[in-house]
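Okay, here's what each chain looks like letter by letter:
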Amino acid sequence: MPLSIDANVPLAPRTTLELGGRARWLAHATSEAEVVEALDWAAGKAVPVAVLAGGSNTIIPDDGFPGLVLVPALRGLSFEDDRAGAVRVTVGAGEPWDALVQETVARDLAGLECLSGIPGSAGATPIQNVGAYGQEVSETVREVRVLRVRDRATETRTPTQCGFAYRDSAFKRDPGKVIVLSVTFALRRGGPPALRYGELIHALGEPPGSRGPSLAEVRAAVLALRRRKSMVFDPADPNHRSAGSFFTNPAVDTQTADAVAAQAVAEGLVASADEVPRYPTEDGRVKLAAGWLIERAGLAKGTRRGPVGLSTQHALALVHHGGGRTEDLLAFADEVRDAVRARFGVSLEREPRLLEALPNG
Ligand code: EPU
């Protein structure tokens, strides 16, 4: 079947923020050949190409996109035992992420359980090294198969080549060079769940007897926690139009973290410095909680600026209430960033990306 290309397609309904304009053209590529066909079609017409996957981490400009929006819709899921006793799970880029997590948990495969309830597609997860509740995809990604935009060649990237870091990867640092086709994870059959995040451990409590919680129990606990923070996509939730965390948690040096904590005590925001959430990073820095900083900078959960605002459940999620423009959201994001900088001298970095053209041909 030849690739079908639609014209003037509204993009807002394809994103969880439900903001932004139309694509001049849009194509779903269901195979590697269709990805190439779409790239060639756009190059032939000399129009720009942008990739839009699950739409849960992308901001669409109000004037939309003047070229071809390519939706990688490659499907497929396979399981294979490897020689090291792990199970290699290969998933097409267009498979919905949470269905994959659910399936691996049902098969008693450990490694993705804490990443339950995250909206979006599987192919997007290595790009920003998706993580939650003490787990990141970088721990289990073994291969990422990609199509190089420059010459349409396919390549298999190793974890080292992926260059993973907190919410970051070589794909993100050097954007638009490749399109992810599939991802292979190595999971442990019957392996223990990752219990590292204090809030999750607390939520699980003491399971009956001395056994640890099962993968299914961990998944259920993560889903409940996320739901409480409006971080599970649910159209019935008034905070549902969001892109999850709008900023990454800033990594600062220990002096800056100590200064923030001292300031918080001096200003009576906390009774003692150890109440300020902070997490050590591997490179000796300290990650502060952006949501905490936003609230203490004077922007309470539920703050509204017309059609946009902060989630009533979590200050780190910017939400759209309907009828707004991307411009409103970005202006409010600037206000939030400025407030945190003015109060604490800490700069927040935006986490969702703007839909942008990739270099094609
Ligand atoms: N906090 C506040 N006010 C808020 C929100 C949070 O004071 O409005 C405090 C909490 O009390 C807690 C700390 O900030 O002490 C951290 O909050 P939380 O556990 O909710 O996690 P987070 O750091 O805000 C990160 C990820 C989430 C992930 C959770 C759980 C980032 C940018 N975000 O959020 O990921 O689900 O941890 O692991 O790293 C996403 O990336 O889109 C995302 C949702």
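One can find the structure itself at the top, above this paragraph.
Read on for a plain summary of the structure. (Residues numbered from 1 in each chain as written. Predicted model: local features only at pLDDT ≥ 70, side-chain atom pairs only at ≥ 80, totals over all residues. Heavy atoms only, no water.)

1. Here we look at the site of the ligand
Neighbouring residues of the ligand: 25 residues in total, closest Tyr-133, Arg-167, Tyr-197, Glu-295 and Ala-315. Within the side chain of Tyr-166, one N or O atom sits 2.8 Å away from an oxygen atom of the ligand. Separating an oxygen atom of the ligand from a side-chain N or O atom of Lys-229 is a distance of 2.8 Å. Here the shell around the ligand takes four residues from helix H8 (residues 290-296), the largest share from any one element. Its residues assigned to classes, the shell around the ligand shows 12 nonpolar, six polar and seven charged. Shared between two domains, the shell around the ligand takes at least three residues from each, and those domains are domain 2 (77-228) and domain 3 (242-354). (Near = heavy atom within 4 Å. Polar contact = N/O pair within 3.5 Å; in protein donor to acceptor, adjacent residues only side chain to side chain. Helix = DSSP H or I, 4+ residues; strand = E, 2+ residues; numbered from the N terminus. Nonpolar A, V, L, I, M, F, W, Y, C, P; charged D, E, K, R; others polar. Domains from an automatic or database assignment.)

2. Let's talk about helix H6 (residues 215-228)
Each turn of an α-helix holds 3.6 residues, which means side chains three or four residues apart point in the same direction. Helix length check: H6 (14 residues) gives 20 Å between terminal C-alpha atoms against 20 Å at 1.5 Å per residue, within 8%. Within H6, the full set of buried residues consists of Leu-215, Val-218, Arg-219, Ala-221, Val-222, Leu-225 and Arg-226. Across the axial projection of H6, the buried residues extend over an arc of 165°, all falling on one side. Looking at the buried residues of H6, the elements they touch are helix H2 (97-106), strand E8 (109-110), strand E9 (131-132) and helix H5 (198-204). Downstream of H6 by a residue or two, Ser-230 has a phi angle that is positive, lying close to 55°. (Expected span 1.5 Å × (residues − 1). Buried < 20%, exposed > 50% of the residue type's maximum accessible area, 1.4 Å probe, protein only. Arc of directions from axis to C-beta. Contact = heavy atoms within 4.5 Å.)

3. Structural notes on the sheet that holds strand E15 (residues 278-280)
The sheet built from three strands is open, its strands ordered E14-E16-E15 with antiparallel pairing. Looking at strand neighbours, the two that pair on one side only are strand E14 (251-252) and E15, the edges of this open sheet. Summarising the sheet, E15 and strand E16 (residues 286-288) pair through three bridges and their orientation is antiparallel. In the sheet register, Tyr-279 faces E16, and the bridge partner there is Lys-287. (Pairing = 2+ DSSP bridges.)

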